[in-house]
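Chains, contacts and geometry: an overview
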Amino acid sequence: MDHFHHRCTQCTTTTTNPTTSTSTMSLLTHVLACLFGMGSWVAINGMWVELPLMVPEIPEGWYLPSYLTVIVQMANVGPLFVTLMHRFRPGALDERPVVYCIVSLGAVATFLLAFFWKRSVVLGGAQHSVPLLVLSFLLSVVDCTSSVTFLPFMMRLGPQFLTTYFVGEGLSGLVPALVALVQGVGLVHSGIIAAGGGGGTLVNSTMAGGGGELEAVYQPANFSAQVFFIFLSAMMVVCLGAFVLLNHHPAVVRERKGHRYLGEEEEEEEKRAEQGLPMLRPLEPPAARERRSAFGMGTYSRGELAFIFLVLAWVNALTNAVLPAVQSYSCLPYGNQAYHLAATMAAVANPVACFIAMFTPIRSLLFMLFLTAVGSAFGGYIMAVAAFSPCPPLVHSPSGVAVIVISWILFVLTLSYVKVIIGVILRDEGHSALVWCGAVVQLGSMIGAVSMFPLVSVYGLFKSGDPCNTKCPS
């Protein structure tokens, strides 16, 4: 009896330890997937939030955002190359060496940016920030190419880690925004420029009398742009370290083997069977239902796939290009605080949407259509407010601030949820489905940016107001 009790105790011990070990491995993989996702767009997101500090120091001034928009679209040569390789040479391009290259390039470029962003070169008789523009292009190539390499790499892990990756991708916008808030970027107060002598003298607006001109004055930052860019470089190094561990850490390797969906033999078999369409189908037991299309596992018909990719392009056009182009016009009329609150809370809404999708992934296409319509409606309101700038509705009312901030939060929350659910759906369709997912994300973003650039920068359809001097009718 004692011998039997001893054997049972051993059995209990050996069955509980693997459970604890498995949960620890899963937690480690979740953390690494999140850190890996944070490196996807952190460099370009960081540059956008740092613009108020950079613009006064460079010859391009406030034309820099327009230049950045064009540069980011030119950088789509990276994802275009990767997508064409998957289309015409399926299986020939391993995304892992590409990821190592682009993340290393991102870390080096952001580090160099810290020391050379203010340097200018004379071209055509005028000063131009050539080092800044060149490094911005390299960082854009890094971030754009991440859309078609990071997602396919996540096929090597279990499906539960894809949502965690999207959380990290959301944090790639939130973390730089929070650091910029601590830095004090873009904080403005009104000062009176007293006339006299060769120039004006800044006088505290509360102490000045009736004379002088009221102007918006940017407060000095708590730390320099150089420190900020070194921080971005460190985040890219963390992303690189997370990627190394996702490939080589023994616990993650065991986790990856336990969730293997595609064996090498099956991949080769599918390459031979699908020469016309570079789609890799996950290994699955024979199913009773018929395949509804030749795409992936055949879960969705051609019409449903067209709908999914159309929604993906539309959502990314709105969230990555169209609405960000008018964010300042939609928020600044309500005050600088409203602008920073809307930008920060919208950045928070992205990872929150990913967390919601992690626990309640609703894959219904009708629900996807409903959320897309709701998010687009909030986007329409934001666009209308921007069109009325500098005197939008409720500009003198606290409710105006509340409505615009809530609109930004719900806009990002609903459409971010849609993006994550589409990613989860396409992940189940196979490796190349995620490549096409990233390609459509970039295509939608490019269409949105190309559409908005002339409206904002060429035709000047949106007007910004002076936060200190703009007078609107009550």
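Residues numbered from 1 in each chain as written. Predicted model: local features only at pLDDT ≥ 70, side-chain atom pairs only at ≥ 80, totals over all residues. Heavy atoms only, no water.

**Digging into the overall build of the protein**
Selection criterion: Strands are runs of DSSP state E lasting at least two residues, helices are runs of H or I lasting at least four, and both sets are numbered from the N terminus onward. A contact between two residues is defined here by any heavy atoms of the two lying within 4.5 Å. What sets the accessible areas is the Shrake-Rupley method with a 1.4 Å probe; for residues, cover comes only from the shown protein chains.
Helix and strand counts for the protein stand at 17 helices and 5 strands. Summarising the internal contacts of the protein: among those between residues at least 6 apart in sequence, 79% fall at separations of at least 24. When the accessible surface of the protein is split by element, carbon and sulfur atoms take 67% of a total near 22,300 Å².

**Here's the deal with the pattern of salt bridges**
As a reminder of what qualifies: One side-chain nitrogen of Lys or Arg within 4 Å of one carboxyl oxygen of Asp or Glu is enough to make a salt bridge. To sort residues, take the accessible area from a 1.4 Å probe on protein chains only and compare it with the maximum for the residue type: under 20% means buried, over 50% means exposed, and anything in between is partly exposed.
All told, the structure shown has 4 salt bridges when counted by the stated rule. Where Asp94 meets Arg156, a salt bridge forms, and the shortest distance between an N and an O atom there is 3.4 Å. Of this pair, Asp94 sits in the loop between helix H5 (77–88) and helix H6 (95–116) while Arg156 is found in the loop between helix H7 (130–153) and helix H8 (160–183), placing the two residues 62 residues apart along the sequence. With a relative accessible area of 29%, Asp94 lands in the partly exposed category. One salt-bridge network, in which partners are shared between bridges, spans Asp94, Glu95, Arg96 and Arg156.

**Focus on the confidence of the model for the protein**
In plain terms, the rule: The pLDDT value expresses, per residue, how confident the predictor is, ranging between 0 and 100.
Looking at the protein, the pLDDT average stands at 81 and 77% of residues meet or exceed 70. Note on residues 261–288: pLDDT under 50 across the span, and 50 contacts to partners over four residues away in sequence or across chains.

**Regarding the packing of helix H4 (residues 64–74) against helix H17 (residues 431–458)**
Our working definition: In this description, a line fitted to the C-alpha atoms serves as the axis of each element, helices being fitted only across the stretch in contact, and the angle between N-to-C directions of two axes falls anywhere from 0 to 180 degrees. Angles below 35 degrees are treated as roughly parallel, those above 145 as roughly antiparallel, those between 65 and 115 as roughly perpendicular, and all remaining angles as oblique. Note: crossing handedness is left-handed where the near helix turns anticlockwise from the far helix by less than a right angle, and right-handed where it turns clockwise.
Remark: H4 packs on H17, axes separated minimally by 10 Å, with the N-to-C direction vectors making an angle of 155°. Here H4 lies roughly antiparallel to H17, going by the angle between them. In terms of crossing hand, the pair formed by H4 and H17 is left-handed. Packed against H4, whose contacting residues are Ser66, Thr69, Val70 and Gln73, the element H17 presents Ser445, Met446, Ala449, Phe453 and Ser457 at the interface.

**Observations concerning the packing of aromatic side chains**
Rules: Here a Phe, Tyr or Trp ring, Trp counted by its six-membered ring, pairs with any other such ring whose centre lies within 6.5 Å, and the pair is stacked when the planes are under 30 degrees apart, edge-to-face when over 60, and tilted otherwise. Two conditions define a charge located above a ring, namely a distance within 6 Å from the ring centre to NZ of Lys or CZ of Arg, and an angle within 35 degrees of the ring normal.
Across all of its chains, the model carries 13 aromatic pairs by this definition. Between Phe228 and Phe229, the aromatic rings sit 6.1 Å apart at their centres with planes inclined by 70°, giving edge-to-face as the arrangement. Exposure remark for Phe229: the relative accessible area of 0% places this residue in the buried category. Three or more aromatic residues joined by ring pairs form one cluster here, namely Phe36, Tyr100, Phe150, Phe153, Tyr165, Phe166 and Phe243. A cation sits over an aromatic face here: Arg87 above Phe88, 5.5 Å from the ring centre.

**Some thoughts on the side chain of Asp143**
So the rule is basically this: A residue counts as positive if it is Lys or Arg and as negative if it is Asp or Glu; His and the chain ends are not included. In protein, a polar contact means a hydrogen-donor-capable atom and an acceptor-capable atom, both N or O and within 3.5 Å, with residues adjacent in sequence counting only if both atoms are side-chain atoms; elsewhere, any N or O pair within 3.5 Å suffices.
You can see Asp143 is positioned in helix H7. Buried charged residue Asp143 carries no salt bridge. Nearest counter-charge: Lys419, at 14 Å. Of note is the side chain of Asp143, whose polar atom sits 3.0 Å from the backbone nitrogen of Ile44. Apart from residues no more than four positions distant in its own chain, Asp143 is found in contact with Gly39, Ser40, Trp41, Val42, Ala43 and Ile44.

**Some thoughts on the nonpolar core**
Which entries qualify depends on this criterion: Residues belong to a common nonpolar core when they are buried Ala, Val, Leu, Ile, Met, Phe, Trp, Tyr or Cys residues joined through side-chain atoms within 4.5 Å.
Residues Phe36, Met47, Met154, Phe229 and Trp408 are the most contacted members of the largest nonpolar core, which totals 113 residues. At 14 residues, the largest contribution of residues to this core is made by helix H16 (residues 398–427). For Trp408, the residues in contact, after removing those within four places along its chain, are Leu323, Pro324, Gln327, Ser330, Cys331, Ala342, Ala346 and Ile382.

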